[in-house]
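# Geometric and topological summary
What follows is the residue order along each chain.
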Amino acid sequence: MIWKYPLLLRYLLYIAEGSVWTFGLVGGGLLIGFLIGLSIAVGQVYTKTAKPFLDAYVWFFRSTPLLVLLFLFYWGVFPALGRKLSPLACSIVVLGLRSGAYQSQIFRGAIMSVGESQLMAALALGMSEIKGVLHIVLPQALRISLPGWSNEYAILLKDSAICFALGVIEILTRTRFVVMAAREALIPYFFAGVLFLVLTHVGTKLVQIVYERTKIPGLIWRM
Amino acid sequence: MNFWDVFLLKILEEEFWGVFLPKILGGWVVTVKVLLISIPLSTILAITLAVARIYGNKPVSLLAASFVGLFRGFPCVVTLLMIFFALPEIGVYLSPYWSAVLAFVIVSGSYQSEYVRGAIQSIEIGQSFAAQSLGMTKLQEIIHIILPQALRRALPGVSNEIIYLVKYSSLASFIGVGEIFAVSRLYNSLYFRPIDIFLAAAVIYMFMCTIASFIFKVIENKSRYPE
């Protein structure tokens, strides 16, 4: 049993240190996903020609398991493009591409719930369409999408555990090292699970605080 | 020869696809076997957990709530590995296949139970009063009045979770279940044709997800109360 070892604390600290890598994966993935998702959402709502391609992108990334995507990109796509990425970089890019597909749906719903009349009012004030979207629609849409976005954070955090398959030394990989070293599975895995649970709650709370802070006083959104 | 002839020849000539395709379809059968057992069981677990949380007494409700909270917070992989590697320590030995089924039932059941719980709570309290005034017991009320309405409302969320489960079934390859991804990984190490192999796996998963979402849409339409 692991509690007989004086090493217990060091083992668990070693696992907890992995959360730095996990945060790297999640932060990078969320950032790339945010940029991709926002562009896709704007494209899906406001353009006609690009829409089928964007739909196909979203469909592909939403209906393929992350594990298959990781291996496809790590062994297949990036080497074929002549650029072999490190496991960490590849995981971040794949998480981002996939998260972009999911986030685009959040942003699309938010943009549509802002309503067309807002954009029409902007046009009536003499703004160009791009200006209207940038200055009128998106500031409202991004605020609306924050709760859904915190959900995406939780999903991405839990999915980032799958990146251990490529050998990124994040929480789960370290947990497996500890399991091999200590010949004891229950406590390390349970600790890793609780660590993910705590990280999820902390992150979700942070997003909630941002949501409260950025709320426009007096404005009620009809969802 | 035009492009398509070359393309077809290239596919047919090499023995790769002749070897790989039957194997990956065999892997597909294993995936379907895992899913066909774990999907109904997970939905049953979800309904049980949701009913226990709402109608159970304090300890039962607390137990169900902490179960759901725990396994919704754990990543699916962690639960899976924990069940496969840690259960033997307390004397429970499961084959990889049944470990995967157990993990998927627990994880997906916990996620689905949140939707079922929300749906049960969204049923008007008047329905419950009406059932009581007809002389129904609590159990009769839940089974005949509340659940038929609540499950219809929960269906979109539950079907979403089941589609997630279809994708997460690829994780079973980590504990040695020979499903689609395990086969593709093996054949990638034999032939090293990653793009062909993993795209084939991706296409199968896309096919399954699209079919599943189509089926759920049909169920949703068929089970809707007429206006």
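About the criteria used
- Residues numbered from 1 in each chain as written.
- Chains lettered and ligands numbered in written order.
- Predicted model: local features only at pLDDT ≥ 70, side-chain atom pairs only at ≥ 80, totals over all residues.
- Heavy atoms only, no water.
- Helix = DSSP H or I, 4+ residues; strand = E, 2+ residues; numbered from the N terminus.
- Rg over C-alpha atoms; globule rule 2.2 N^0.38 Å.
- Contact = heavy atoms within 4.5 Å.
- Buried < 20%, exposed > 50% of the residue type's maximum accessible area, 1.4 Å probe, protein only.
- Areas by Shrake-Rupley, 256 points an atom, 1.4 Å probe, with all protein chains shown as cover.
- Lys, Arg positive; Asp, Glu negative; His and termini not counted.
- Charge placed at Lys NZ, Arg CZ, Asp CG, Glu CD.
- Phe/Tyr/Trp six-rings, centres within 6.5 Å; stacked < 30°, edge-to-face > 60°.
- Axes fitted to C-alpha atoms, helices over the stretch in contact; angles between N-to-C directions.
- Parallel < 35°, antiparallel > 145°, perpendicular 65-115°, else oblique.
- Left-handed = near helix turned anticlockwise from the far one by under 90°.
- Nonpolar A, V, L, I, M, F, W, Y, C, P; charged D, E, K, R; others polar.
- Salt bridge = Lys/Arg side-chain N within 4 Å of Asp/Glu carboxyl O.
- Polar contact = N/O pair within 3.5 Å; in protein donor to acceptor, adjacent residues only side chain to side chain.
- pLDDT = per-residue confidence, 0-100.

### Structural notes on the overall build of chain B
Within chain B, the secondary structure is distributed over 9 helices and 0 strands. What you see in chain B, going N to C, is helices and strands ordered as α-α-α-α-α-α-α-α-α. At 22 Å, chain B has a C-alpha radius of gyration far larger than the 17 Å of a compact globule built from 227 residues. Contacts in chain B between residues far apart in sequence, at least 24 positions, make up 76% of those at least 6 positions apart.

### Let's talk about the overall build of chain A
Secondary structure summary: chain A contains 8 helices and 0 strands in total. Order of helices (α) and strands (β) in chain A, N terminus to C terminus: α-α-α-α-α-α-α-α. With respect to the principal axes defined by its C-alpha atoms, chain A has extents near 75 × 45 × 25 Å. In chain A, which comprises 223 residues, the share counted as buried stands at 47%. Carbon together with sulfur atoms contributes 69% to the accessible area of chain A, which is approximately 11,000 Å² in total. Here chain A contributes 19 positive and 9 negative side-chain charges, whose respective centroids are spaced 3 Å apart.

### With respect to the environment of Ile-125 of chain B
Note that Ile-125 of chain B resides in helix H6 (residues 125-133). The spatial distance from the C-alpha of Ile-125 of chain B to the C-alpha of Ser-110 of chain B is 25 Å, given a sequence separation of 15 residues.

### Observations concerning the packing of aromatic side chains
What the rule picks out here adds up to 24 aromatic pairs over all chains. Residues Tyr-189 of chain A and Phe-85 of chain B carry aromatic rings whose centres are separated by 6.4 Å and whose planes lie at 20 degrees to one another, so their mutual orientation is stacked. Within this pair, whereas Tyr-189 of chain A is found in helix H8 (residues 186-214), its partner Phe-85 of chain B is found in helix H4 (residues 76-86), the two belonging to separate chains. Under the relative-accessibility criterion, Tyr-189 of chain A is labelled buried at 2%.

### Digging into the packing of helix H1 (residues 8-46) of chain A against H8 of chain A
Residues and elements named next belong to chain A. Their axes nearest at 10 Å, the elements H1 and H8 cross at an angle of 40 degrees. One element, H1, and the other, H8, form an angle in the oblique class. The element H1 and its partner H8 pack so that their crossing is right-handed. Residues Leu-12, Ile-15, Ala-16, Ser-19, Thr-22 and Phe-23 of H1 form the contact with H8, whose participating residues are Pro-188, Phe-191, Leu-195, Phe-196 and Leu-199. For the contact of H1 with H8, a count of residues per class yields 9 nonpolar, 2 polar and no charged.

### Some points on the pattern of salt bridges
Residue and element names in this part refer to chain B. One pass over the full model with this rule turns up 10 salt bridges over all chains. Salt-bridge contacts for Arg-53 lead to Glu-114; the nearest nitrogen and oxygen are separated by 2.8 Å. Here Arg-53 is found in helix H2 (residues 15-55), whereas its partner Glu-114 is found in helix H5 (residues 96-122), with 61 residues between them in sequence. Arg-193 is the partner of Asp-196 in a salt bridge, and the nearest nitrogen-oxygen pair spans 2.6 Å. Here Asp-196 falls in the partly exposed class, since its relative accessible area comes to 25%. One salt-bridge network, in which partners are shared between bridges, spans Arg-53, Arg-72, Glu-114 and Arg-117.

### Section: the interface of chain B and chain A
Interface size is commonly expressed as the accessible surface area that is lost when the partners come together. With 35 residues of chain B at the contact, the number on the chain A side is 34 residues. Between the two partners, chain B and chain A, sit 0 salt bridges. Run the count over chain B and chain A and you get 8 residue pairs in polar contact (both at pLDDT 80 or more). Listed by contribution, the elements that provide at least two residues to the side of chain B that touches chain A are helix H3 (58-73), H4, helix H7 (138-168), helix H8 (180-191) and helix H9 (194-223) of chain B. Looking at the side of chain B that touches chain A element by element, the count peaks at 10 residues for H9 of chain B. Residues of the side of chain B that touches chain A, tallied by class, amount to 25 nonpolar, 6 polar and 4 charged.

### Points about the confidence of the model for chain B
Chain-level statistics for chain B give a pLDDT mean of 91 and a share of 96% at 70 or above. Element-level pLDDT for chain B is lowest in helix H1 (residues 3-13) of chain B, with a mean of 67, against a maximum mean of 95 in H5 of chain B.

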